[in-house]
Amino acid sequence: MNAVPIDEPIRDRIVAVIARQVNLEPAALHPEATLKSLGIASLDAIELIFDLEEHFDITFPEDSADFNTDTVQHLIDAVEQALANRPGETGAAA
Amino acid sequence: MNPQRRRVAITGMGAVSPYGEGADPLWQGLRDGIGAIGPLRHPASAQVRIKMAAQVPESFDPSCQFAENVLPLLDRTSQFALLAAREAITQAGLDFTANDLGRRTAVVIGTGVGGEGTRDEQSRRIYAEGSVRMHPLTIVRMMPNAPACQISMAYGLRGPAFGVVGACASSNHALAQAALLIRAGLADVAIAGGTEACFTLSGLRAWEAMRVLSDETCRPFSSNRRGLVLGEGAGVFVLEAMEHAQARGAVTLAELAGVGMTADAGDIAAPDPAGAAAAMAQALEDADLSAADVDYINAHGTGTRANDPSETQAIHRAFGGHARKLMVSSTKSMHGHALGASGALELIAVLGALREDTVPPTANLDEADPACDLDYVPNTARKKHVRAALSNSFAFGGLNAVLALKRA
(Lines give C-alpha, C1' and ligand atoms only; values in the text may rest on other atoms or scores of the structure.)
Protein backbone atom coordinates (compact mmCIF):
# COMPACT_ATOMS: atom_id res chain seq x y z
CA MET A 1 0.00 0.00 0.00
CA ASN A 2 1.42 3.32 1.06
CA ALA A 3 5.22 3.57 1.10
CA VAL A 4 5.23 6.56 3.42
CA PRO A 5 5.62 5.60 7.09
CA ILE A 6 2.39 5.45 9.02
CA ASP A 7 1.48 8.62 10.76
CA GLU A 8 0.64 7.48 14.30
CA PRO A 9 -2.00 10.09 15.13
CA ILE A 10 -3.98 9.20 12.00
CA ARG A 11 -3.82 5.53 12.91
CA ASP A 12 -4.97 6.37 16.43
CA ARG A 13 -7.88 8.36 15.06
CA ILE A 14 -8.93 5.49 12.79
CA VAL A 15 -8.71 3.02 15.65
CA ALA A 16 -10.75 5.38 17.83
CA VAL A 17 -13.54 5.52 15.21
CA ILE A 18 -13.59 1.72 14.93
CA ALA A 19 -13.43 1.29 18.71
CA ARG A 20 -16.42 3.57 19.18
CA GLN A 21 -18.40 1.57 16.60
CA VAL A 22 -17.69 -1.79 18.27
CA ASN A 23 -17.83 -0.43 21.80
CA LEU A 24 -14.31 -1.52 22.77
CA GLU A 25 -11.27 0.24 24.20
CA PRO A 26 -8.89 1.30 21.38
CA ALA A 27 -6.12 -0.68 23.08
CA ALA A 28 -8.16 -3.84 22.65
CA LEU A 29 -8.20 -3.52 18.85
CA HIS A 30 -5.37 -5.61 17.43
CA PRO A 31 -4.44 -4.70 13.85
CA GLU A 32 -4.78 -8.35 12.83
CA ALA A 33 -8.27 -8.77 14.29
CA THR A 34 -10.80 -9.34 11.51
CA LEU A 35 -13.78 -7.05 11.47
CA LYS A 36 -15.98 -10.14 11.50
CA SER A 37 -14.34 -11.32 14.73
CA LEU A 38 -15.16 -7.93 16.22
CA GLY A 39 -18.82 -8.54 15.40
CA ILE A 40 -18.92 -5.96 12.60
CA ALA A 41 -21.37 -7.16 9.95
CA SER A 42 -24.07 -5.88 7.66
CA LEU A 43 -25.28 -2.47 8.76
CA ASP A 44 -22.48 -1.97 11.33
CA ALA A 45 -20.04 -2.26 8.47
CA ILE A 46 -21.58 0.41 6.27
CA GLU A 47 -22.05 2.64 9.30
CA LEU A 48 -18.36 2.27 10.07
CA ILE A 49 -17.50 3.22 6.48
CA PHE A 50 -19.78 6.25 6.77
CA ASP A 51 -18.15 7.26 10.09
CA LEU A 52 -14.67 7.00 8.61
CA GLU A 53 -15.66 8.87 5.45
CA GLU A 54 -17.23 11.65 7.49
CA HIS A 55 -14.37 11.83 9.99
CA PHE A 56 -11.63 12.06 7.36
CA ASP A 57 -13.69 13.65 4.56
CA ILE A 58 -12.80 10.85 2.17
CA THR A 59 -14.76 8.56 -0.16
CA PHE A 60 -14.00 4.88 -0.32
CA PRO A 61 -14.31 3.07 -3.63
CA GLU A 62 -17.51 1.03 -3.97
CA ASP A 63 -15.83 -2.34 -3.32
CA SER A 64 -13.26 -1.21 -0.77
CA ALA A 65 -14.10 -3.60 2.02
CA ASP A 66 -14.96 -7.24 2.55
CA PHE A 67 -16.04 -7.49 6.13
CA ASN A 68 -15.75 -11.25 6.23
CA THR A 69 -11.99 -11.27 5.75
CA ASP A 70 -10.67 -7.75 6.28
CA THR A 71 -8.71 -6.83 9.39
CA VAL A 72 -8.40 -3.58 11.32
CA GLN A 73 -5.10 -3.09 9.50
CA HIS A 74 -6.90 -3.38 6.12
CA LEU A 75 -9.17 -0.56 7.13
CA ILE A 76 -6.28 1.60 8.34
CA ASP A 77 -4.54 1.02 5.01
CA ALA A 78 -7.72 1.83 3.10
CA VAL A 79 -8.20 5.13 4.95
CA GLU A 80 -4.59 6.09 4.36
CA GLN A 81 -4.90 5.22 0.68
CA ALA A 82 -8.06 7.32 0.39
CA LEU A 83 -6.37 10.22 2.18
CA ALA A 84 -3.38 9.97 -0.14
CA ASN A 85 -5.68 9.94 -3.18
CA ARG A 86 -7.64 12.97 -2.05
CA PRO A 87 -7.46 15.80 -4.59
CA GLY A 88 -4.66 18.20 -3.60
CA GLU A 89 -2.83 15.63 -1.44
CA THR A 90 0.77 14.98 -2.35
CA GLY A 91 1.62 12.05 -0.13
CA ALA A 92 0.39 10.35 2.99
CA ALA A 93 -2.21 12.05 5.07
CA ALA A 94 -1.10 14.89 7.26
CA MET B 1 -57.17 -25.56 0.77
CA ASN B 2 -60.76 -24.89 1.69
CA PRO B 3 -62.79 -26.17 -1.30
CA GLN B 4 -65.34 -23.39 -0.74
CA ARG B 5 -62.70 -20.70 -1.06
CA ARG B 6 -63.02 -18.24 -3.91
CA ARG B 7 -60.34 -18.57 -6.57
CA VAL B 8 -58.65 -15.46 -7.94
CA ALA B 9 -58.11 -14.90 -11.66
CA ILE B 10 -55.83 -12.31 -13.26
CA THR B 11 -57.73 -10.82 -16.19
CA GLY B 12 -55.68 -7.77 -17.05
CA MET B 13 -52.10 -6.51 -16.84
CA GLY B 14 -50.38 -3.23 -17.51
CA ALA B 15 -46.92 -1.80 -17.04
CA VAL B 16 -44.67 1.20 -17.34
CA SER B 17 -41.07 0.08 -17.25
CA PRO B 18 -37.60 0.80 -18.58
CA TYR B 19 -38.91 -0.78 -21.80
CA GLY B 20 -41.48 1.98 -22.09
CA GLU B 21 -45.25 1.96 -21.72
CA GLY B 22 -47.02 -1.37 -21.89
CA ALA B 23 -46.79 -4.91 -20.58
CA ASP B 24 -45.94 -6.29 -24.03
CA PRO B 25 -42.68 -4.36 -24.59
CA LEU B 26 -41.57 -5.41 -21.10
CA TRP B 27 -42.38 -9.09 -21.65
CA GLN B 28 -40.88 -9.14 -25.15
CA GLY B 29 -37.66 -7.53 -23.89
CA LEU B 30 -37.36 -10.04 -21.04
CA ARG B 31 -38.19 -13.02 -23.24
CA ASP B 32 -35.61 -11.92 -25.80
CA GLY B 33 -33.00 -11.42 -23.09
CA ILE B 34 -32.57 -7.76 -23.96
CA GLY B 35 -31.55 -5.61 -21.00
CA ALA B 36 -32.91 -2.13 -20.34
CA ILE B 37 -30.05 -1.08 -18.06
CA GLY B 38 -28.16 1.94 -19.35
CA PRO B 39 -26.24 5.01 -18.26
CA LEU B 40 -27.93 6.94 -15.44
CA ARG B 41 -29.86 9.98 -16.67
CA HIS B 42 -29.93 12.57 -13.90
CA PRO B 43 -28.88 16.23 -13.59
CA ALA B 44 -26.43 15.16 -10.86
CA SER B 45 -25.13 12.08 -12.67
CA ALA B 46 -21.60 13.49 -12.77
CA GLN B 47 -21.55 13.82 -8.96
CA VAL B 48 -22.81 10.39 -7.95
CA ARG B 49 -20.89 7.13 -7.97
CA ILE B 50 -23.81 5.22 -9.55
CA LYS B 51 -23.34 5.16 -13.29
CA MET B 52 -25.98 2.67 -14.44
CA ALA B 53 -29.74 2.55 -14.00
CA ALA B 54 -32.91 1.10 -15.46
CA GLN B 55 -35.08 4.15 -16.04
CA VAL B 56 -38.35 4.68 -17.86
CA PRO B 57 -37.33 6.05 -21.28
CA GLU B 58 -36.78 9.76 -21.66
CA SER B 59 -39.59 9.82 -24.22
CA PHE B 60 -42.15 9.28 -21.42
CA ASP B 61 -44.22 12.47 -21.45
CA PRO B 62 -46.98 12.71 -18.84
CA SER B 63 -48.41 15.84 -20.44
CA CYS B 64 -49.53 13.67 -23.39
CA GLN B 65 -51.25 11.24 -21.03
CA PHE B 66 -53.08 13.31 -18.45
CA ALA B 67 -55.45 16.26 -18.54
CA GLU B 68 -53.96 19.63 -17.62
CA ASN B 69 -56.12 19.91 -14.51
CA VAL B 70 -55.17 16.42 -13.26
CA LEU B 71 -51.43 16.45 -13.87
CA PRO B 72 -50.51 18.81 -10.98
CA LEU B 73 -52.00 16.21 -8.61
CA LEU B 74 -49.76 13.42 -9.84
CA ASP B 75 -46.32 12.51 -8.61
CA ARG B 76 -44.42 10.34 -11.09
CA THR B 77 -45.37 7.25 -9.00
CA SER B 78 -49.07 8.02 -9.56
CA GLN B 79 -48.50 8.72 -13.26
CA PHE B 80 -46.91 5.30 -13.73
CA ALA B 81 -49.60 3.54 -11.69
CA LEU B 82 -52.47 5.23 -13.54
CA LEU B 83 -51.08 4.34 -16.95
CA ALA B 84 -50.46 0.72 -15.95
CA ALA B 85 -53.98 0.52 -14.45
CA ARG B 86 -55.51 1.97 -17.62
CA GLU B 87 -53.85 -0.74 -19.71
CA ALA B 88 -54.86 -3.54 -17.32
CA ILE B 89 -58.47 -2.38 -17.05
CA THR B 90 -58.76 -2.00 -20.83
CA GLN B 91 -57.44 -5.51 -21.33
CA ALA B 92 -59.84 -6.92 -18.75
CA GLY B 93 -62.73 -5.18 -20.52
CA LEU B 94 -64.45 -4.17 -17.30
CA ASP B 95 -67.24 -1.62 -17.10
CA PHE B 96 -67.35 -0.40 -13.51
CA THR B 97 -70.67 1.39 -13.97
CA ALA B 98 -72.51 -1.80 -14.95
CA ASN B 99 -74.27 -3.42 -11.98
CA ASP B 100 -72.51 -0.95 -9.69
CA LEU B 101 -69.29 -2.97 -10.01
CA GLY B 102 -67.27 0.05 -8.82
CA ARG B 103 -68.71 -0.48 -5.35
CA ARG B 104 -67.35 -4.06 -5.34
CA THR B 105 -63.90 -3.16 -6.66
CA ALA B 106 -60.81 -2.67 -4.46
CA VAL B 107 -57.57 -0.84 -5.23
CA VAL B 108 -54.33 -1.90 -3.52
CA ILE B 109 -51.06 -0.42 -4.74
CA GLY B 110 -47.65 -1.03 -3.19
CA THR B 111 -44.76 1.42 -3.15
CA GLY B 112 -41.44 1.50 -1.37
CA VAL B 113 -41.21 5.22 -0.70
CA GLY B 114 -44.16 6.90 -2.43
CA GLY B 115 -43.85 10.35 -3.94
CA GLU B 116 -40.12 10.73 -3.53
CA GLY B 117 -39.77 13.08 -6.51
CA THR B 118 -42.29 15.49 -5.03
CA ARG B 119 -40.68 15.32 -1.60
CA ASP B 120 -37.23 16.00 -3.06
CA GLU B 121 -38.38 18.87 -5.27
CA GLN B 122 -40.29 20.60 -2.47
CA SER B 123 -37.52 20.04 0.10
CA ARG B 124 -35.16 21.75 -2.30
CA ARG B 125 -37.42 24.82 -2.28
CA ILE B 126 -37.30 25.00 1.50
CA TYR B 127 -33.72 24.01 2.30
CA ALA B 128 -31.76 25.02 -0.81
CA GLU B 129 -33.72 27.95 -2.20
CA GLY B 130 -34.87 29.36 1.14
CA SER B 131 -38.47 29.50 0.03
CA VAL B 132 -41.04 29.94 2.78
CA ARG B 133 -43.79 28.07 1.02
CA MET B 134 -44.33 24.64 -0.38
CA HIS B 135 -46.63 23.70 -3.22
CA PRO B 136 -50.11 23.23 -1.75
CA LEU B 137 -50.51 19.83 -3.40
CA THR B 138 -47.28 18.47 -1.88
CA ILE B 139 -49.02 16.28 0.68
CA VAL B 140 -51.59 14.76 -1.65
CA ARG B 141 -48.93 14.10 -4.27
CA MET B 142 -46.37 12.44 -2.04
CA MET B 143 -48.51 10.32 0.30
CA PRO B 144 -47.78 6.62 -0.35
CA ASN B 145 -51.51 5.91 -0.78
CA ALA B 146 -51.80 8.51 -3.58
CA PRO B 147 -51.40 6.03 -6.46
CA ALA B 148 -54.20 3.82 -5.08
CA CYS B 149 -56.42 6.86 -4.52
CA GLN B 150 -55.81 8.25 -8.00
CA ILE B 151 -56.83 4.93 -9.58
CA SER B 152 -59.90 4.77 -7.38
CA MET B 153 -60.93 8.30 -8.38
CA ALA B 154 -60.19 7.82 -12.08
CA TYR B 155 -62.51 4.82 -12.37
CA GLY B 156 -65.06 5.40 -9.59
CA LEU B 157 -63.86 2.38 -7.58
CA ARG B 158 -65.50 2.59 -4.16
CA GLY B 159 -64.45 -0.66 -2.50
CA PRO B 160 -61.48 -0.95 -0.10
CA ALA B 161 -58.57 1.21 -1.35
CA PHE B 162 -55.19 1.74 0.25
CA GLY B 163 -51.44 1.75 -0.25
CA VAL B 164 -49.15 -1.00 1.00
CA VAL B 165 -45.55 -0.53 2.06
CA GLY B 166 -43.10 -3.39 2.37
CA ALA B 167 -39.96 -1.92 0.80
CA CYS B 168 -38.86 -4.16 -2.08
CA ALA B 169 -41.69 -6.63 -1.38
CA SER B 170 -44.41 -3.94 -1.59
CA SER B 171 -45.91 -5.15 -4.88
CA ASN B 172 -46.24 -8.74 -3.74
CA HIS B 173 -47.66 -7.64 -0.41
CA ALA B 174 -50.21 -5.49 -2.27
CA LEU B 175 -51.18 -8.27 -4.68
CA ALA B 176 -51.55 -10.63 -1.71
CA GLN B 177 -53.79 -8.18 0.16
CA ALA B 178 -55.93 -7.73 -2.96
CA ALA B 179 -56.31 -11.50 -3.44
CA LEU B 180 -57.26 -11.91 0.22
CA LEU B 181 -59.93 -9.18 -0.09
CA ILE B 182 -61.49 -11.09 -2.99
CA ARG B 183 -61.28 -14.40 -1.15
CA ALA B 184 -62.87 -12.83 1.91
CA GLY B 185 -65.77 -11.61 -0.20
CA LEU B 186 -65.03 -7.94 0.47
CA ALA B 187 -64.55 -7.28 -3.25
CA ASP B 188 -65.24 -9.08 -6.53
CA VAL B 189 -62.54 -7.24 -8.45
CA ALA B 190 -59.26 -5.64 -7.29
CA ILE B 191 -56.87 -3.37 -9.14
CA ALA B 192 -53.49 -4.20 -7.61
CA GLY B 193 -49.78 -3.89 -8.17
CA GLY B 194 -46.92 -1.58 -7.36
CA THR B 195 -45.23 1.61 -8.45
CA GLU B 196 -41.91 3.35 -7.80
CA ALA B 197 -40.07 6.42 -9.06
CA CYS B 198 -37.23 7.49 -6.83
CA PHE B 199 -34.38 8.69 -8.98
CA THR B 200 -33.80 11.75 -6.82
CA LEU B 201 -30.39 12.97 -5.73
CA SER B 202 -31.10 12.18 -2.08
CA GLY B 203 -32.46 8.77 -3.07
CA LEU B 204 -29.37 7.98 -5.12
CA ARG B 205 -27.09 9.14 -2.32
CA ALA B 206 -28.96 7.05 0.24
CA TRP B 207 -28.62 3.91 -1.89
CA GLU B 208 -24.95 4.66 -2.48
CA ALA B 209 -24.40 4.76 1.27
CA MET B 210 -25.92 1.28 1.63
CA ARG B 211 -23.11 0.00 -0.61
CA VAL B 212 -25.29 -2.47 -2.45
CA LEU B 213 -25.25 -0.82 -5.88
CA SER B 214 -23.38 -2.21 -8.84
CA ASP B 215 -20.98 0.14 -10.57
CA GLU B 216 -21.67 -1.66 -13.84
CA THR B 217 -24.57 -3.94 -14.76
CA CYS B 218 -26.65 -6.36 -12.69
CA ARG B 219 -25.39 -9.96 -12.63
CA PRO B 220 -27.62 -12.08 -10.38
CA PHE B 221 -26.19 -15.44 -9.27
CA SER B 222 -22.93 -14.80 -11.16
CA SER B 223 -19.77 -14.89 -9.04
CA ASN B 224 -18.66 -11.55 -10.54
CA ARG B 225 -21.88 -9.83 -9.41
CA ARG B 226 -21.35 -6.37 -7.98
CA GLY B 227 -24.73 -5.39 -6.64
CA LEU B 228 -28.13 -4.21 -7.73
CA VAL B 229 -29.06 -1.66 -10.38
CA LEU B 230 -31.89 0.70 -9.44
CA GLY B 231 -34.98 0.78 -11.62
CA GLU B 232 -38.42 2.37 -11.73
CA GLY B 233 -41.86 1.81 -13.15
CA ALA B 234 -45.21 0.28 -12.28
CA GLY B 235 -47.10 -2.93 -12.85
CA VAL B 236 -50.84 -3.09 -12.25
CA PHE B 237 -53.20 -6.05 -12.61
CA VAL B 238 -56.90 -6.76 -12.57
CA LEU B 239 -57.64 -9.51 -10.07
CA GLU B 240 -61.09 -10.96 -10.18
CA ALA B 241 -63.04 -13.66 -8.41
CA MET B 242 -62.83 -16.64 -10.79
CA GLU B 243 -66.59 -17.08 -10.93
CA HIS B 244 -67.01 -13.38 -11.73
CA ALA B 245 -64.49 -13.61 -14.56
CA GLN B 246 -66.06 -16.81 -15.92
CA ALA B 247 -69.60 -15.43 -15.73
CA ARG B 248 -68.68 -12.52 -17.99
CA GLY B 249 -66.56 -14.65 -20.32
CA ALA B 250 -63.30 -12.84 -19.50
CA VAL B 251 -59.94 -14.21 -20.64
CA THR B 252 -57.98 -15.42 -17.60
CA LEU B 253 -54.25 -14.79 -17.95
CA ALA B 254 -53.38 -16.96 -14.93
CA GLU B 255 -54.71 -17.89 -11.53
CA LEU B 256 -53.21 -16.17 -8.49
CA ALA B 257 -53.47 -19.37 -6.54
CA GLY B 258 -51.61 -18.67 -3.33
CA VAL B 259 -49.65 -16.19 -1.26
CA GLY B 260 -46.99 -16.52 1.41
CA MET B 261 -45.84 -13.74 3.70
CA THR B 262 -43.30 -13.98 6.53
CA ALA B 263 -40.86 -11.81 8.47
CA ASP B 264 -37.32 -12.88 9.37
CA ALA B 265 -37.55 -11.05 12.70
CA GLY B 266 -33.76 -10.84 12.62
CA ASP B 267 -31.49 -8.38 10.89
CA ILE B 268 -32.93 -5.22 9.30
CA ALA B 269 -30.76 -5.69 6.20
CA ALA B 270 -29.15 -9.14 6.01
CA PRO B 271 -31.54 -11.79 4.61
CA ASP B 272 -32.28 -15.03 6.47
CA PRO B 273 -32.92 -18.06 4.23
CA ALA B 274 -35.31 -19.49 6.84
CA GLY B 275 -37.76 -16.59 6.45
CA ALA B 276 -37.68 -16.71 2.66
CA ALA B 277 -38.10 -20.50 2.63
CA ALA B 278 -41.06 -20.26 5.00
CA ALA B 279 -42.76 -17.73 2.70
CA MET B 280 -42.28 -20.02 -0.32
CA ALA B 281 -43.59 -23.04 1.61
CA GLN B 282 -46.60 -21.02 2.75
CA ALA B 283 -47.36 -19.90 -0.82
CA LEU B 284 -47.21 -23.50 -2.05
CA GLU B 285 -49.50 -24.72 0.71
CA ASP B 286 -51.92 -21.83 0.20
CA ALA B 287 -52.06 -22.64 -3.52
CA ASP B 288 -52.52 -26.34 -2.84
CA LEU B 289 -49.36 -27.05 -4.84
CA SER B 290 -46.67 -29.58 -4.03
CA ALA B 291 -43.03 -28.65 -4.66
CA ALA B 292 -42.94 -30.97 -7.69
CA ASP B 293 -45.82 -29.07 -9.35
CA VAL B 294 -43.69 -25.95 -9.78
CA ASP B 295 -41.54 -25.46 -12.88
CA TYR B 296 -40.36 -21.87 -12.55
CA ILE B 297 -39.41 -19.35 -9.86
CA ASN B 298 -38.96 -15.71 -10.73
CA ALA B 299 -36.31 -15.01 -8.11
CA HIS B 300 -35.89 -11.89 -6.03
CA GLY B 301 -32.34 -12.14 -7.47
CA THR B 302 -30.97 -8.69 -6.77
CA GLY B 303 -27.38 -9.46 -7.72
CA THR B 304 -26.03 -8.47 -4.32
CA ARG B 305 -23.43 -10.50 -2.42
CA ALA B 306 -25.96 -11.19 0.34
CA ASN B 307 -29.18 -12.01 -1.52
CA ASP B 308 -28.21 -14.55 -4.13
CA PRO B 309 -26.64 -17.31 -1.97
CA SER B 310 -29.28 -16.74 0.71
CA GLU B 311 -32.14 -17.06 -1.79
CA THR B 312 -30.49 -20.16 -3.28
CA GLN B 313 -30.36 -21.77 0.17
CA ALA B 314 -33.97 -20.81 0.78
CA ILE B 315 -35.08 -22.49 -2.48
CA HIS B 316 -33.19 -25.66 -1.48
CA ARG B 317 -34.95 -25.60 1.87
CA ALA B 318 -38.41 -25.05 0.46
CA PHE B 319 -38.14 -27.44 -2.50
CA GLY B 320 -35.77 -30.18 -1.29
CA GLY B 321 -34.77 -32.54 -4.12
CA HIS B 322 -36.99 -30.69 -6.62
CA ALA B 323 -34.89 -27.50 -6.30
CA ARG B 324 -32.43 -28.68 -8.94
CA LYS B 325 -35.24 -29.45 -11.39
CA LEU B 326 -36.63 -25.92 -11.17
CA MET B 327 -35.89 -23.11 -13.56
CA VAL B 328 -35.01 -20.02 -11.51
CA SER B 329 -34.36 -16.68 -13.15
CA SER B 330 -33.85 -13.11 -12.08
CA THR B 331 -35.32 -10.66 -14.56
CA LYS B 332 -33.84 -7.83 -12.46
CA SER B 333 -30.76 -8.52 -14.58
CA MET B 334 -32.70 -6.76 -17.36
CA HIS B 335 -35.37 -4.44 -15.86
CA GLY B 336 -33.32 -3.48 -12.82
CA HIS B 337 -34.60 -3.33 -9.26
CA ALA B 338 -37.70 -1.15 -9.25
CA LEU B 339 -37.95 -1.56 -5.45
CA GLY B 340 -41.64 -1.35 -4.48
CA ALA B 341 -42.65 -1.97 -8.11
CA SER B 342 -40.33 -4.90 -8.72
CA GLY B 343 -42.74 -7.70 -7.81
CA ALA B 344 -45.32 -6.25 -10.19
CA LEU B 345 -42.87 -6.00 -13.10
CA GLU B 346 -41.77 -9.55 -12.33
CA LEU B 347 -45.36 -10.79 -12.35
CA ILE B 348 -45.51 -9.69 -16.01
CA ALA B 349 -42.53 -12.02 -16.57
CA VAL B 350 -44.27 -14.88 -14.75
CA LEU B 351 -47.51 -14.40 -16.70
CA GLY B 352 -45.48 -14.43 -19.92
CA ALA B 353 -43.75 -17.64 -18.88
CA LEU B 354 -47.05 -19.35 -18.04
CA ARG B 355 -48.82 -18.18 -21.20
CA GLU B 356 -46.05 -18.80 -23.72
CA ASP B 357 -44.23 -21.70 -22.01
CA THR B 358 -41.08 -19.63 -22.25
CA VAL B 359 -38.92 -18.86 -19.22
CA PRO B 360 -37.12 -15.52 -19.40
CA PRO B 361 -33.41 -15.76 -18.66
CA THR B 362 -31.05 -14.38 -16.03
CA ALA B 363 -28.97 -12.01 -18.14
CA ASN B 364 -25.29 -11.24 -17.52
CA LEU B 365 -24.67 -14.58 -15.80
CA ASP B 366 -21.23 -15.49 -17.05
CA GLU B 367 -19.31 -16.84 -14.05
CA ALA B 368 -20.60 -19.75 -11.98
CA ASP B 369 -20.71 -19.24 -8.22
CA PRO B 370 -20.43 -22.42 -6.09
CA ALA B 371 -22.79 -20.79 -3.58
CA CYS B 372 -25.43 -20.43 -6.30
CA ASP B 373 -25.99 -23.95 -7.61
CA LEU B 374 -29.44 -23.94 -9.23
CA ASP B 375 -30.56 -23.72 -12.88
CA TYR B 376 -30.74 -19.96 -13.36
CA VAL B 377 -31.61 -20.13 -17.09
CA PRO B 378 -28.49 -18.15 -17.99
CA ASN B 379 -28.64 -15.54 -20.71
CA THR B 380 -31.12 -17.20 -23.11
CA ALA B 381 -34.83 -17.82 -22.62
CA ARG B 382 -35.93 -21.43 -22.48
CA LYS B 383 -38.93 -22.91 -24.24
CA LYS B 384 -40.40 -25.27 -21.67
CA HIS B 385 -43.81 -26.15 -20.32
CA VAL B 386 -44.62 -24.15 -17.17
CA ARG B 387 -47.49 -25.52 -15.08
CA ALA B 388 -47.06 -23.33 -12.02
CA ALA B 389 -44.61 -20.69 -10.86
CA LEU B 390 -43.59 -18.71 -7.81
CA SER B 391 -42.58 -15.06 -7.75
CA ASN B 392 -40.28 -14.14 -4.88
CA SER B 393 -39.89 -10.69 -3.32
CA PHE B 394 -37.79 -10.05 -0.25
CA ALA B 395 -37.25 -6.72 1.45
CA PHE B 396 -35.14 -4.77 3.87
CA GLY B 397 -36.67 -5.26 7.27
CA GLY B 398 -36.59 -9.01 6.69
CA LEU B 399 -39.94 -9.07 4.86
CA ASN B 400 -40.76 -11.88 2.48
CA ALA B 401 -43.75 -12.03 0.12
CA VAL B 402 -44.22 -14.82 -2.40
CA LEU B 403 -46.96 -15.31 -5.00
CA ALA B 404 -47.94 -18.69 -6.44
CA LEU B 405 -49.38 -18.67 -9.96
CA LYS B 406 -51.07 -21.43 -11.92
CA ARG B 407 -51.64 -21.39 -15.66
CA ALA B 408 -55.16 -20.53 -16.70
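Residues numbered from 1 in each chain as written. Chains lettered and ligands numbered in written order. Predicted model: local features only at pLDDT ≥ 70, side-chain atom pairs only at ≥ 80, totals over all residues. Heavy atoms only, no water.

Caption draft 1: Representation of the overall build of chain A. Helix and strand counts for chain A come out as three helices and zero strands. Listing every helix and strand of chain A by position from the N terminus yields α-α-α. Buried residues in chain A amount to 40% of all 94 residues. Counting contacts in chain A only where the partners sit at least 6 residues apart, residues at least 24 apart contribute 65% of the total. As presented, chain A carries roughly 5200 Å² of accessible surface, and 52% of it is formed by carbon and sulfur atoms. (Helix = DSSP H or I, 4+ residues; strand = E, 2+ residues; numbered from the N terminus. Buried < 20%, exposed > 50% of the residue type's maximum accessible area, 1.4 Å probe, protein only. Contact = heavy atoms within 4.5 Å. Areas by Shrake-Rupley, 256 points an atom, 1.4 Å probe, with all protein chains shown as cover.)

Caption draft 2: Quick look at the domain arrangement of chain B. Residues and elements named next belong to chain B. Considered domain by domain, chain B is made up of domain 1 (8-248) and domain 2 (257-407). In this structure, domain 1 and domain 2 have C-alpha centres spaced 21 Å apart. Counting from both sides, the interface comprises 64 residues of domain 1 and, opposite them, 66 residues of domain 2. Summing the contributions of domain 1 and of domain 2, the shared interface buries around 4800 Å²; its carbon and sulfur component is 66%. (Domains from an automatic or database assignment. Buried area = accessible area lost by both parts, 1.4 Å probe.)

Caption draft 3: Spatial organisation of the environment of B:Gln177. All names here are of chain B. By the element assignment, Gln177 lies in helix H6 (residues 170-183). Each C-alpha atom of the pair Gln177 and Val164 lies 8.6 Å from the other, and the pair is 13 residues apart in sequence. The residues contacting Gln177, other than those within four sequence positions of it, are Val108, Phe162, Val164 and Met261.

Caption draft 4: Spotlight on H6(B). Residues and elements named next belong to chain B. Taking 1.5 Å per residue, 14 residues should reach 20 Å; H6 reaches 20 Å between its end C-alpha atoms and fits that length. In terms of burial, H6 is largely enclosed, as 12 of its 14 residues are buried. Burial in H6 covers these residues: Ser170, Ser171, Asn172, His173, Ala174, Leu175, Ala176, Ala178, Ala179, Leu181, Ile182 and Arg183. Within two residues after H6, Gly185 carries a phi angle of roughly 80°, on the positive side. (Expected span 1.5 Å × (residues − 1).)

Caption draft 5: Looking closely at the interface of chain B and chain A. The interface of chain B with chain A comprises 11 residues on the first partner and 11 residues on the second. Of the roughly 880 Å² buried between chain B and chain A on both sides combined, carbon and sulfur atoms contribute 50%. Considering only the side of chain B, the residues that lose the most area to chain A are B:Arg49, B:Met210 and B:Arg211, jointly responsible for 57% of the buried surface there. At the junction of chain B with chain A, the criterion picks out one salt bridge. One salt bridge connects B:Arg211 with A:Glu53, and the closest N-O pair in it is separated by 2.8 Å. Where chain B meets chain A, there are two residue pairs in polar contact (both at pLDDT 80 or more). Classifying every residue of the side of chain B that touches chain A gives six nonpolar, no polar and five charged. (Salt bridge = Lys/Arg side-chain N within 4 Å of Asp/Glu carboxyl O. Polar contact = N/O pair within 3.5 Å; in protein donor to acceptor, adjacent residues only side chain to side chain. Nonpolar A, V, L, I, M, F, W, Y, C, P; charged D, E, K, R; others polar.)

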